[in-house]
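Listed below, chain by chain, are the residues.
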Protein chains: 2
Amino acid sequence: MRTPLCDEFGIDYPIFAFTPSEHVAAAVSRAGGLGVLGCVRFNDTDELEQTLTWLDENTDGKPYGVDIVMPMKIPTEGKSVDLKAMIPQDHLDFVERTLHRLGVPPLPEGEGREGVLGWLHSVARSHLDVALNHRPVLIANALGSPPVDVIEKCHEHGIKVAALAGAAKHALSHVQNGVDIIVAQGYEAGGHTGEIASMVLQPDIVDAVGPDVPVLGAGGIGSGRQIAASLALGSQGVWTGSIWLGTEEYQNLQSNAGWTQAFTRATSSDTVRTRIYTGKPARLLKTKWTEAWAEEDAPEPLPMPLQNLLVSDAHNRINASGDPDVISMPIGQIVGRMNEVRPVADVVASLVAEFEEAVARLNKVV
Amino acid sequence: MRTPLCDEFGIDYPIFAFTPSEHVAAAVSRAGGLGVLGCVRFNDTDELEQTLTWLDENTDGKPYGVDIVMPMKIPTEGKSVDLKAMIPQDHLDFVERTLHRLGVPPLPEGEGREGVLGWLHSVARSHLDVALNHRPVLIANALGSPPVDVIEKCHEHGIKVAALAGAAKHALSHVQNGVDIIVAQGYEAGGHTGEIASMVLQPDIVDAVGPDVPVLGAGGIGSGRQIAASLALGSQGVWTGSIWLGTEEYQNLQSNAGWTQAFTRATSSDTVRTRIYTGKPARLLKTKWTEAWAEEDAPEPLPMPLQNLLVSDAHNRINASGDPDVISMPIGQIVGRMNEVRPVADVVASLVAEFEEAVARLNKVV
């Protein structure tokens, strides 16, 4: 499974793996794909610095990427404490009342934390500055084009820039801003998604940006058949995320049986696209927590970045409690096929083998 | 492009084409696919009888299918006049007020009609009885498994039965009821759809029903690349619908410039999944009509079959007016690629040629 992206990045397979875990990212890169570390969870730049140093040392010299969350238009923002003052009391009350009703205990003494600040532009900028001192080959932006000066700075460092797009017009705009690679994020994807499903979106974007801009198919990719489908649609590779949450290297698994139970039992119908995670539509596992926000008495989610500040402590509480009925987890429709926990290298090997089987099957049809 | 379905049905390509037009159905069958005539629009069984006779005589002896709309559980139903009495006055007022606001004139004198009755079980049964006097090779049911005695009757006549499914558990249930072929109807499809997108749904259903039950990929199929993607996902053929609305043989086009304008200018983002057409979620072109139903003062759509009885006169008025901003049209996300009106034979030839190109491209990747 080789496309021009393999030569461009020095990888064996055009399988890009978004993950919040450096252990997963390193394992994917070692297995021949490109691990892409999600930075949004790093409130502390020193921790990111240490993590990227670890990545530098644990990928056997193979390339890796990083993922930041940065809107193109720089928002007005204060410190997190100022933003918190903008959250209506009704919203805070709803969250507290809902956690109580769902039986989610408070965090143990001393374990509260500040919430996830990576959604703030200033924090994402600091992530970028830290990353530029390491050796990522790709910087991906989950919110579309990053600011033009960020793209230029990456290019000066020889780093390619990828951006997520949920519609052809957004992809075209990213390319005009200087983005190198488009991640065509279909409706079925976990996390932030648009409404156009991959079957339609991938060829839409491939044709809109033309042959010189590589497109990665994203959303619903968990098997080699789906990689073959994406490449048939014209993509040059795939962007995967959900499936790595189900690997042995994903550290949360080892400390949280409820998390594992939640995704292994879920079917493809058990996700929901909602604004409750960040303020923008994102696909999550459907649980009592997402259902509570869909009830009539629930408030409208707040805009980004307020909504994530509102719920991030709640997410910590929910996920620490480990109740699989309540857990808060961004995940795609492919969750229906995540039924066992496997090592990353096994997953990569299966993807490649099944891709080859799918192409062999197609050859019999022609 | 040959799969075992080609031998089973005596067709050249595993391309199944759902269409309300006998002219399109005949042209697809003549071109080597399988035209499937939608029967729901036939209130008058004599008209269906004549149309199927025409099909028998105009497919050059090639096979064709018919599509009925029949729930498995037989609902309590009266005559259409009794059902109409169950429609709340508020709903009738909303429809009338909305049509007035959107500038939709009444139908010309004498052109009103009874609404579409094919949604009624008794009418769908009469469609079946008429069809059995002709030579369809396939009877497809848009609402999942038809009643078991219907399946048995089809089998006695040597006719295969197909049923639409939007989730693996529904597909399994159809197979247990005796259905022969599953149409895996993805989120991106026009008309009735579930929430799981094709990239995930097709392999879900293929694996659930096993190798002995052929699956047709449906939703978002408008090019040979998408056929290759579906076959890569494990489907044995494709079920297409929207793209045939944009063919020269589709009669509506010739008398309605607004209809043509509406779909040629639409992008992949210009559809909406809503209950306003039949009472069950179905994907339509997004227009001022669908938007009116999404406003705060709009009533909740009624259950099937009441909702279609409520709106079918309105649809006649809207579509007769030909205003592309208001038009009522079930259509999939592939509408973004329907940009010109072409003969059916050209569309089929392009699908086949592009499929072969896509497989050749995949072979270079392996």
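Residues numbered from 1 in each chain as written. Chains lettered and ligands numbered in written order. Predicted model: local features only at pLDDT ≥ 70, side-chain atom pairs only at ≥ 80, totals over all residues. Heavy atoms only, no water.

An unreviewed UniProt entry annotates chain A as Nitronate monooxygenase family protein of Nocardioides aquiterrae.

### Re the sheet that holds strand S9 (residues 237–240) of chain B
All names here are of chain B. Within the closed barrel, the 8 strands sit side by side as S1-S2-S3-S4-S5-S6-S8-S9. Their pairing is parallel. Here the strands of the sheet are splayed against their neighbours by 25° on average, with no regard to which way each runs. Pairing geometry for strand S1 (residues 15–19) and S9, over 3 bridges, is parallel. Paired with isoleucine 15 across the two strands is valine 238, which belongs to S9. (Pairing = 2+ DSSP bridges. Helix = DSSP H or I, 4+ residues; strand = E, 2+ residues; numbered from the N terminus. Axes fitted to C-alpha atoms, helices over the stretch in contact; angles between N-to-C directions.)

### Looking at the interface of chain B and chain A
Each side of the interface is counted separately: chain B has 44 residues, and chain A has 44 residues. Carbon and sulfur atoms make up 59% of the area that chain B and chain A hide from each other, which totals about 3,500 Å². In terms of surface lost to chain A, no three residues of chain B exceed Met199, Leu362 and Val365 of chain B, which account for 19% of the buried area on that side. Connecting chain B to chain A are 6 salt bridges. Of all the secondary-structure elements, those providing two or more residues to the side of chain B that touches chain A are helix H9 (198–209), helix H10 (224–232) and helix H15 (344–365) of chain B. Split by residue class, the side of chain B that touches chain A holds 22 nonpolar, 12 polar and 10 charged. (Contact = heavy atoms within 4.5 Å. Buried area = accessible area lost by both parts, 1.4 Å probe. Salt bridge = Lys/Arg side-chain N within 4 Å of Asp/Glu carboxyl O. Nonpolar A, V, L, I, M, F, W, Y, C, P; charged D, E, K, R; others polar.)

### Quick notes on the pairing of strand S2 (residues 34–38) of chain A
Residues and elements named next belong to chain A. For S2, the buried fraction is high: 5 of the 5 residues fall into the buried class. In S2, alternate side chains face the same way, and those of Leu34, Val36 and Gly38 on one face and Gly35 and Leu37 on the other are all buried. As paired elements, strand S1 (residues 15–19) and S2 share 4 bridges and run parallel to each other. Following the sheet pairing, phenylalanine 18 is matched in S2 by valine 36. As a crossover connection, the stretch from S1 through helix H2 (residues 22–30) into S2 is right-handed. Pairing analysis gives 4 bridges linking S2 to strand S3 (residues 64–68), with the strands arranged parallel. (Buried < 20%, exposed > 50% of the residue type's maximum accessible area, 1.4 Å probe, protein only. Right-handed = clockwise from strand over helix to strand, strands pointing away.)

### Details of the sheet that holds strand S7 (residues 191–192) of chain A
To summarise the sheet geometry, strands pair through backbone hydrogen bonds and adopt either a parallel or an antiparallel arrangement. Residues and elements named next belong to chain A. Taken together, the 3 strands give an open sheet; going across it, the order is S7-S11-S10, and neighbouring strands pair in antiparallel fashion. Edge strands, defined here as strands with exactly one partner in the open sheet, are S7 and strand S10 (271–274). When S7 meets strand S11 (residues 282–285), the two strands line up antiparallel, connected through 2 bridges. Directly across from histidine 192, in S11, lies its bridge partner alanine 282.

### Focus on unusual backbone geometry
Glycine aside, residues mostly have negative phi angles, and peptide bonds mostly take the trans form. Of the consecutive residues methionine 304 of chain A and proline 305 of chain A, the connecting peptide bond is found in the cis state with omega at 5°. Mapped onto the elements, proline 305 of chain A comes out in the loop between helix H13 (288–294) and helix H14 (306–321). Phi is positive for aspartate 60 of chain B, which is not a glycine, with a value near 55°.

### Structural notes on the domain arrangement of chain A
Residue and element names in this part refer to chain A. Taken as a whole, chain A is organised into domain 1 (4–76 + 120–248 + 343–365) and domain 2 (80–115 + 250–321). One C-alpha centre belongs to domain 1, the other to domain 2; they are set 25 Å apart. Each partner contributes to the interface: domain 1 provides 22 residues, whereas domain 2 provides 17 residues. Both sides together, the interface formed by domain 1 and domain 2 hides about 1,500 Å², and carbon and sulfur atoms give 54% of it. The largest contributions to the domain 1 side of the interface with domain 2 come from Leu120, His192 and Leu245, which together make up 31% of the buried area. Remark: the boundary between domain 1 and domain 2 carries 1 salt bridge. Here glutamate 195 and arginine 273 are joined by a salt bridge, their closest N and O atoms 3.4 Å apart. The interface formed by domain 1 and domain 2 contains 10 residue pairs in polar contact (both at pLDDT 80 or more). Mapped by element, the contributors of at least two residues to the side of domain 1 that touches domain 2 are H2 and S7. Residues belonging to the side of domain 1 that touches domain 2 are distributed by class as follows: 8 nonpolar, 11 polar and 3 charged. (Domains from an automatic or database assignment. Polar contact = N/O pair within 3.5 Å; in protein donor to acceptor, adjacent residues only side chain to side chain.)

### As for the environment of alanine 25 of chain B
By the secondary structure assignment, alanine 25 of chain B is in helix H2 (residues 22–30). Linking alanine 25 of chain B and histidine 100 of chain B, residues 75 residues apart in sequence, is a C-alpha distance of 36 Å.

### A closer look at the packing of aromatic side chains
Residues and elements named next belong to chain A. Using the criterion set out here, one finds 11 aromatic pairs over all chains in the structure. Look at phenylalanine 18 and tryptophan 239: their rings are 6.4 Å apart centre to centre, the planes differ by 25°, and that puts the pair in the stacked class. Here phenylalanine 18 is found in strand S1, whereas its partner tryptophan 239 is found in strand S9 (residues 237–240), with 221 residues between them in sequence. The class for phenylalanine 18 is partly exposed, based on a relative accessible area of 28%. For tryptophan 239, a relative accessible area of 7% gives the class buried. One residue, arginine 283, lies across the ring of tyrosine 187, its end atom 4.4 Å from the ring centre. (Phe/Tyr/Trp six-rings, centres within 6.5 Å; stacked < 30°, edge-to-face > 60°. Lys NZ or Arg CZ within 6 Å of the ring centre and 35° of its normal.)

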